[in-house]
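# Structural overview
The lines below spell out each chain.
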Amino acid sequence: MKILLIRVSSLGDVLHNMPMVDDIKAHYPDAQIDWVVEEAYVNLVKLQSKVNKVIAYAQRRWRKSLGNKETRAEIKHFYRTLREEAYDFIFDTQGLLKTGVIMGMARKSVNGKKVGLANGTEGSGYEGVSRIFHDVSIPVDRRTHAVLRGRLVAAAALNYKVDTPASFGLQKLDLQPAWMPATPYIVFFHGTAGESKKWSRHNWIGTARDLQVTGWPILLPWGSEAEKREAEAMTEHMSNAVVLPKLSMQEATVLAQKAALVIGVDTGLVHIAAAYETPTIELYCDSPKWKTEGNWSDKIINLGDQGKPPSVAEVEIAFEKLLGKRK
């Protein structure tokens, strides 16, 4: 059986689609699974060893230079690569016009099916027009978890039940960057694009103070100059914290994978830590917890909810519980 998954972005959405792969391979061990994804996340998908081929898609870059000969050549190459195989099942679990168009271009086998979402979940960017590219549209409950959504679509199409915790199948990276401590360390993923999703600086400083009892350094990554300035401002009040250099996606992944403890707001890198089952505390300040909370391992604790940021005291109780389990 040949299967194509179409889930192009963003970081968290791509990550949350990965348990589909382990589910399918558990029921159809000989299935060949290919995946179309934005070029920024190709290396992330390659960490899922059961994916046969990763097809890079670069709409974000292409649309800035559609007049260039090189860009047109890249688009033609993408089209040819996409159509090299005839697939028995083509899944679009993103439900956007652009992912529907990719589905439309993909080639199915004689009895193949193109399968997608019949509806969006609450607060999603689902675009109903994507259904015109489907042979089969699978309905899901409006409050279906981001990880479960794709798993249910595949299960309905391939005739099996989802009855196990999510398994992401991520390979571990064997890297030791120069900035990585030789001792156990803690990561604060404090940065996020949405201002309302941030946890206050005062809270981070209070948590760093509580964590001094571990004797471990706290590492502060950043993704923009504004986040770097915020990290530097926080470390002025944290005797045990270090601001990291700018990290590549691969370095940020290994940072999350190897940490003794990760604490962070609702963002892709925190979800990577949870997918690796690193001891993780997810902080929900202005996004609904039901949507993305780590619910597949007791090494993940989810605090707060939309409009209800967690307190420093709650985080202290959570890390004491997780570090107790670690020991």
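These numbers come from a predicted model, not from an experiment.

Before going further, it helps to examine the pairing of strand E1 (residues 2-6). Among the 5 residues in E1, 4 count as buried, and that is most of the element. Pairing of E1 with strand E2 (residues 32-38) involves 5 bridges; the strand directions are parallel. Across the sheet, isoleucine 3 pairs through a bridge with isoleucine 33, a residue of E2. Both E1 and strand E4 (residues 86-92) contribute to a ladder of 4 bridges, which runs parallel. Residue isoleucine 6 lies in a different strand from E4, and its bridge partner there is aspartate 92.

This part takes up the packing of aromatic side chains. Per the stated rule, a full pass over the model turns up 7 aromatic pairs. Look at tyrosine 57 and tryptophan 62: their rings are 5.7 Å apart centre to centre, the planes differ by 85 degrees, and that puts the pair in the edge-to-face class. Residues tyrosine 57 and tryptophan 62 agree in their burial class; the two are buried. Their ring planes at 55 degrees and their centres at 4.8 Å tell us that phenylalanine 168 and tryptophan 296 sit as a pair that is tilted. With phenylalanine 168 in the loop between helix H7 (146-158) and strand E7 (186-189) and tryptophan 296 in the loop between helix H12 (289-292) and strand E12 (300-304), the pair connects residues that are 128 residues apart, well separated along the chain. The burial state of phenylalanine 168 is the same as that of tryptophan 296; both residues are buried. Taken together, the aromatic side chains of Tyr57, Trp62 and Phe78 make up a single cluster linked through ring pairs.

A few words on the nonpolar core. Within the largest apolar cluster, 58 residues are counted, with the highest numbers of intra-cluster contacts made by Ile3, Trp35, Phe91, Phe168 and Leu255. Among the nonpolar cores identified, the runner-up in size contains 29 residues, and Trp199, Leu261, Val265 and Val315 belong to it.

Now for a positive patch on the surface. Taken together, the side chains of Lys69, Arg72, Lys76 and Arg80 present a region of like positive charge at the surface. Here arginine 72 lies in helix H5 (residues 69-82). By relative accessible area, arginine 72 is classed as partly exposed at 42%.

The subject of this paragraph is unusual backbone geometry. A cis geometry characterises the amide bond from serine 9 onward to serine 10, with omega recorded as -10 degrees. Here serine 10 is to be found in the loop between E1 and helix H1 (11-17). In this structure, asparagine 159 is a non-glycine residue whose phi angle is positive, near 65 degrees. Structurally, the position occupied by asparagine 159 is in the loop between H7 and E7. A positive phi angle, near 60 degrees, is found at glutamate 277, a position not held by glycine. Of note, glutamate 277 is situated in the loop between helix H11 (268-275) and strand E11 (280-284).

We now examine the sheet that holds E1. Read across the open sheet, the 6 strands follow the order E3-E2-E1-E4-E5-E6; overall the sheet is parallel. Of all the strands in the sheet, just strand E3 (53-57) and strand E6 (136-138) have a single pairing partner and so form its edges. Ignoring which end each strand starts from, the neighbouring axes of this sheet average 20 degrees apart. Most of the contacts of H7 go to E4, to which it runs at about 140 degrees, and overall it touches E1, E4, strand E5 (107-117) and E6.

Conventions used here
Residues numbered from 1 in each chain as written. Predicted model: local features only at pLDDT ≥ 70, side-chain atom pairs only at ≥ 80, totals over all residues. Heavy atoms only, no water. Buried < 20%, exposed > 50% of the residue type's maximum accessible area, 1.4 Å probe, protein only. Helix = DSSP H or I, 4+ residues; strand = E, 2+ residues; numbered from the N terminus. Pairing = 2+ DSSP bridges. Phe/Tyr/Trp six-rings, centres within 6.5 Å; stacked < 30°, edge-to-face > 60°. Core = buried A, V, L, I, M, F, W, Y, C linked by side-chain atoms within 4.5 Å. Patch = residues over 30% accessible without salt bridge, like charges linked within 9 Å, V, L, I, M, F, W, Y side chains within 5 Å. Areas by Shrake-Rupley, 256 points an atom, 1.4 Å probe, with all protein chains shown as cover. Salt bridge = Lys/Arg side-chain N within 4 Å of Asp/Glu carboxyl O. Lys, Arg positive; Asp, Glu negative; His and termini not counted. Charge placed at Lys NZ, Arg CZ, Asp CG, Glu CD. Axes fitted to C-alpha atoms, helices over the stretch in contact; angles between N-to-C directions. Contact = heavy atoms within 4.5 Å.

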